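Each chain is listed here by its residues.
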Amino acid sequence: MATLLLLAACGNENSGSAATGEGKLKSLQDKGVVKVGFANEKPYAYEEDGELKGGAVAIAKAVFENLGIEEVDGHLSDFGQLIPGLGAGKFDVITAGMAISPDRCGSVDFGEPEMQYGEGLIVKKGNPEELHSYKDIANNPDIKVAVMSGATEKDFMLREGVAESQIVMVPDIPASFAAVESGRAHATTGTEMTIKMALESANQDKLQFVEDFEQPNIKGVPSYGAAAFHIDDDELREAYNEELRKLKESGKIAELIEPYGFTEERNIVDIELTTESICSGEKY
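Below is a short write-up of the structure. (Residues numbered from 1 in each chain as written. Predicted model: local features only at pLDDT ≥ 70, side-chain atom pairs only at ≥ 80, totals over all residues. Heavy atoms only, no water.)

## As for the overall build of the protein chain
And then number 1: From N to C terminus, the protein chain includes 12 helices and 14 strands.
And then number 2: For 284 residues, the compact-globule estimate of 2.2 N^0.38 gives 19 Å, and the protein chain sits close to it at 21 Å.
And then number 3: Principal-axis analysis of the C-alpha atoms gives the protein chain an extent of 80 × 40 × 35 Å.
And then number 4: Burial status across the protein chain gives 49% buried among its 284 residues.
And then number 5: Put simply, of all contacts in the protein chain between residues at least 6 apart along the chain, 73% involve residues at least 24 apart. (Helix = DSSP H or I, 4+ residues; strand = E, 2+ residues; numbered from the N terminus. Rg over C-alpha atoms; globule rule 2.2 N^0.38 Å. Buried < 20%, exposed > 50% of the residue type's maximum accessible area, 1.4 Å probe, protein only. Contact = heavy atoms within 4.5 Å.)

## Description of the nonpolar core
The nonpolar side chains of a soluble globular protein tend to be buried with one another.
And then number 1: Ranked by size, the top nonpolar core spans 91 residues in total, and within it Ile59, Phe64 and Ile137 carry the most contacts.
And then number 2: For this core, the element with the most residues is helix H3 (residues 55-66), which contributes 8 residues.
And then number 3: With residues up to four places along the chain from it excluded, the contact list for Ile59 reads Glu114, Met115, Tyr240, Leu244, Ile253, Leu256 and Ile257. (Core = buried A, V, L, I, M, F, W, Y, C linked by side-chain atoms within 4.5 Å.)

## Observations regarding helix H2 (residues 24-31)
An α-helix turns once per 3.6 residues; consequently, residues spaced three or four apart project the same way.
And then number 1: Here H2 has its buried residues at Lys24, Leu25 and Leu28. Here the buried residues of H2 occupy an arc of 100° about the axis, which is enough to place them on one side. Seen from the open side of H2, the exposed residues pointing more than 90 degrees away from its buried face are Lys26 and Asp30.
And then number 2: At the C-terminal side of H2, Gly32 shows a positive phi close to 75°. (Arc of directions from axis to C-beta.)

## Describing unusual backbone geometry
And then number 1: For the bond running from Lys42 to Pro43, omega is 15°, close enough to zero to count as cis.
And then number 2: Among the secondary structure elements, Pro43 is positioned in the loop between strand S1 (33-39) and strand S2 (46-48).
And then number 3: The residue after Val221, namely Pro222, is reached through a cis peptide bond having omega 0°.
And then number 4: We note that Asp49 has phi near 55°; this positive angle belongs to a residue other than glycine.
And then number 5: Examined against the element boundaries, Asp49 turns out to sit in the loop between S2 and strand S3 (51-53).
And then number 6: Here Glu130, not a glycine, exhibits a phi torsion of approximately 55°, which is positive.

## Let's talk about the sheet that holds strand S11 (residues 187-191)
And then number 1: Pairing within the open sheet is mixed, and its 5 strands lie in the order S10-S9-S11-S8-S12. Two strands in the sheet have a free side with no partner beyond their single neighbour: strand S10 (167-170) and strand S12 (207-209). Each strand of the sheet is rotated relative to its neighbour by a mean of 30°, with strand direction disregarded.
And then number 2: Bridging between strand S9 (residues 145-148) and S11 involves 2 bridges; their strand directions are parallel. Considered in S11, the bridge of Ala146 is made with Thr188.
And then number 3: Contacting strand S8 (119-124), S11 and S12, helix H8 (residues 192-202) runs over the sheet at an angle of about 125° to S11. (Pairing = 2+ DSSP bridges. Axes fitted to C-alpha atoms, helices over the stretch in contact; angles between N-to-C directions.)

Take a look at the structure:
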């Protein structure tokens, strides 16, 4: 009898554990709410008049609505806190144009690509250091560049020859602008749409976006952004991917993101491009 009770207890524990991963989608559907972590980066995700807006927000809302989950409980967070927050259970999903990379693929399970984008550079007005590429920065060891913590741009610059000592880490986009304005850095870099629109919103004339910035010819550029899921939430991720593909096939993705400054020509991903091919390094 004792043996039977022990076996039954073990069986119940295992089935409960399995249900945690496999039952996540149904649990969210029953509650009607999904907690989503967004990086506070315009135009991907930002708050305006008390409402979350942005390209990533619009895609997430559309996908989850089609999955029968009416409310997206969105939380803006520092970019570097998204993956730790997902791992700690603070969020069910994280998204904000986060670039899929082989390194990140070891920490989270990405959904399929939602949008693509390049890099951008912001300098002091008049571009006194004549910076037009990461190579220009690498060629002048006195140049300092502010980069948001957790962003892929640090790796991009290192691969272009920029020294670690030239990189100044900051928590967010406003801090990167402040670093350039104060002279702590000569430039700041980030995804093209993010820093360009952030500069426009800042409404100040001390900095400028480098319009003729030369995109680095390295793996990872262009970047492909996607939602990311906990490694145990396969069912939720697969369901999300299924609805995402329907939006891609119908052309709805372009309609969702164009109001935020994205364009079909620059930012829409080839429907046949897969996360697997990016994570493996084949398309990275």
